[in-house]
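Tertiary structure, described
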Amino acid sequence: MLKIAVGPGGGNRDGPNGPRRHEGLSAAHVELDINGLSMHSYTVVKFPPPYASVGFGETEYSQILKATLEMDGLINKHSAIMDKYDPDKKIALVVDEWGGWYAPLPGSNPGFLVQQNSLRDAILTALNLNIFARHADRVRGANIAQMINVLQAMIITDKEKIVLTPTYYVFKMYVRFRMPRSYR
């Protein structure tokens with residue numbers, strides 16, 4: 001079991017809890033002898049999410065992928081702050097929630113955050129996984145926000161039916177690049 005401190009939540013966008021103003025790792029965190037600091041950031045152009053998960057146009061497609069690339073800047077920003085207090089990078093930055101967040105599907109309960117998955121989400125996933133790999137010196141954990149039926153799900157179910165999404169297949173393709181068990 002690792003001690004992961006609650007850290008920043010995305011950039012300066014308004015989210016469900018209003019603007020987030022965390023500065024990342026501080027001297028107090030280092031003194032607590034923690035293993036990691038959490039950060040989460042969803043790909044959403046504005047809140048509440050106006051873009052649909054299906055039936056989107058080129059403009060929405062490109063704006064979502066552009067917003068996805070902001071993860072690199074967020075990691076750079078938080079890593080720079082962490083480097084001030086932890087220059088040896090003993091404390092990990094753990095991206096505890098990430099993924100696409102779109103408007104709920106029409107006819108669904110808005111509180112359940114049901115959305116469809118597309119090839120755009122596969123590209124979004126690959127972009128994020130590549131960003132995390134480029135920052136492996138600091139990012140040592142990254143968890144997609146939802147696994148089943150919610151937001152950028154890897155699996156969508158309907159009673160006894162199941163479909164594996166494009167997001168699932170990107171994760172499957174990246175399995176061969178994970179760290180061997182002997183190095184963990």
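Let me sum up the structure you'll find in this document. Bear in mind the structure is a predicted one, so any value in this text is a computation, not a measurement.

1. A short note on the packing of helix H4 (residues 119-134) against helix H5 (residues 166-174)
Interaxial distance between H4 and H5 falls to 7 Å at its minimum, and their mutual angle equals 35°. Pair H4 / H5 crosses with right-handed handedness. Contacts from Leu119, Asp121, Ala122, Thr125, Ala126, Leu129 and Asn130 in H4 reach Pro166, Thr167, Val170, Phe171 and Tyr174 in H5. Looking at side-chain class alone, the contact of H4 with H5 contains eight nonpolar, three polar and one charged residues.

2. Concerning the packing of aromatic side chains
Tallied over the full model, the rule gives six aromatic pairs. Residues tryptophan 98 and phenylalanine 171 carry aromatic rings whose centres are separated by 6.2 Å and whose planes lie at 20° to one another, so their mutual orientation is stacked. With a gap of 73 residues between them, tryptophan 98 in strand S3 (residues 92-100) and phenylalanine 171 in helix H5 connect regions that are remote in the sequence. On the basis of an interplanar angle of 90° and a centroid distance of 5.1 Å, the ring pair of tyrosine 168 and tyrosine 169 is categorised as edge-to-face. A residue is classified by how much of its surface remains accessible, and tyrosine 168, at 25% relative accessible area, is partly exposed. Relative accessible area serves as the criterion here: at 41%, tyrosine 169 is assigned to the partly exposed category.

What counts and what doesn't
- Residues numbered from 1 in each chain as written.
- Predicted model: local features only at pLDDT ≥ 70, side-chain atom pairs only at ≥ 80, totals over all residues.
- Heavy atoms only, no water.
- Axes fitted to C-alpha atoms, helices over the stretch in contact; angles between N-to-C directions.
- Helix = DSSP H or I, 4+ residues; strand = E, 2+ residues; numbered from the N terminus.
- Left-handed = near helix turned anticlockwise from the far one by under 90°.
- Contact = heavy atoms within 4.5 Å.
- Nonpolar A, V, L, I, M, F, W, Y, C, P; charged D, E, K, R; others polar.
- Phe/Tyr/Trp six-rings, centres within 6.5 Å; stacked < 30°, edge-to-face > 60°.
- Buried < 20%, exposed > 50% of the residue type's maximum accessible area, 1.4 Å probe, protein only.

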